[in-house]
Amino acid sequence: MSDKNSQHSSRAGVGVVVVAAGSGQRLGQGIPKARVLCGGRTLLEHSLDAVLASGVATAVVVVLPAGDAVLSSVVARAAAQAAAHTAEDAAGAVVEIMEVTGGATRTASVRAGLDALPPSVAVVLVHDAARALTPPAVFQRVAAAVAAGAPAVVPVLPVVDTVKVVVGDVVTATPDRASLRAVQTPQGFDADALRAVHASSHAEDPAVTDDARLMEVHGRAVHVVEGDALAFKVTTPLDLVIAEAVLAQAPVLGVSPTT
Ligand code: CTP
Ligand code: MG
């Protein structure tokens, strides 16, 4: 334990892995979801704006579909903007932004991003590019909770629907809704702990839909912080309609998308 603590304290920085390598089957536009436009800009641009606006990242790895020139240029532009911003503000820390190619599953894509992060980062945040309107404050809450010592942190919201367990077409249980939470991203982790659980699990396991689950199966405590309704995942055409409406109504809703 003391070894681990001294190793942790010799590290610094927060790495953010933005997974954007999915194909967007449920959205059904025939292009990778991160490239789909919302309010005239790609979902990936919205996501990167939020990461950079949060100010938590020292390094960002964007995980892309193989050979996607459009998304590559989005990452290159964000990197150039971050470099220009650093040059303007001498006190600002350099944010390194790079891209890597993802894998066949979300877990494989996270792993590719994790491998590309500088080994020096002490904290890793993993974020779905599809949660394009996530407020910067959510990144700040998650990063702060990991910095305060939690090995794993997820943003959550109360569940509004009653949830049933169904086997075949028969309801077998109704979990107490008061104890249920819907989980969002960014999910935050002690970097060593996340690397360790990824190293000892299979990227193809269909039961592993997020990194917090990997921590759970390895017996690590997963803590929660408050999520945000705006961190919803754009998954279906209806979600995209909602995201467009949110951007159109941003002043009314008190959100401040960067345009
Ligand atoms: N993702 C990824 N690599 C994969 C699969 C998913 O990087 N092989 C990313 C997606 O780009 C997305 C996030 O993981 O930002 C959440 O996944 P999901 O919403 O399921 O996106 P898609 O897999 O693209 O959508 P679908 O399942 O409808 O095809
Ligand atoms: Mg998917």
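In this text the structure is predicted, and so the values were computed from the model without any measurement.

Of note, Gln187 is situated in strand E11 (residues 187-190). In terms of polar contacts, Gln187 uses its side chain to reach the side chain of Asp210, at 2.9 Å. Separated by 3.1 Å, the side chain of Gln187 and the backbone nitrogen of Ala212 make a polar contact. When sequence neighbours within four positions are dropped, the list of residues in contact with Gln187 reads Val124, Leu125, Val126, Val142, Val153, Val154, Pro155, Asp210, Asp211 and Ala212.

Summarising burial for strand E7 (residues 152-158): 5 of the 7 residues are buried, a large majority. Relative to E11, E7 runs antiparallel, the two being bridged by 2 bridges. The residue bridging Ala152 from the neighbouring strand is Phe189, located in E11. Direction of pairing for E7 relative to strand E12 (residues 223-226): parallel, over a ladder of 4 bridges. Residue pairing in the sheet places Val156 in a bridge with Glu226 of E12.

Let us look at the pairing of strand E6 (residues 123-128). Taken across its 6 residues, E6 has 6 buried, putting it largely inside the fold. Burial along E6 is two-sided: the residues Val123, Leu125 and His127 and Val124, Val126 and Asp128 are all buried. Of the strand pairs in this sheet, strand E1 (residues 14-19) and E6 are connected by 6 bridges, and their pairing is parallel. Paired with Val18 across the two strands is His127, which belongs to E6. With 4 bridges joining them, E6 and E11 adopt antiparallel strand pairing. Across the sheet, residue Val126 finds its bridge partner in E11, namely Gln187.

The rules behind each value
- Residues numbered from 1 in each chain as written.
- Chains lettered and ligands numbered in written order.
- Predicted model: local features only at pLDDT ≥ 70, side-chain atom pairs only at ≥ 80, totals over all residues.
- Heavy atoms only, no water.
- Helix = DSSP H or I, 4+ residues; strand = E, 2+ residues; numbered from the N terminus.
- Polar contact = N/O pair within 3.5 Å; in protein donor to acceptor, adjacent residues only side chain to side chain.
- Contact = heavy atoms within 4.5 Å.
- Buried < 20%, exposed > 50% of the residue type's maximum accessible area, 1.4 Å probe, protein only.
- Pairing = 2+ DSSP bridges.

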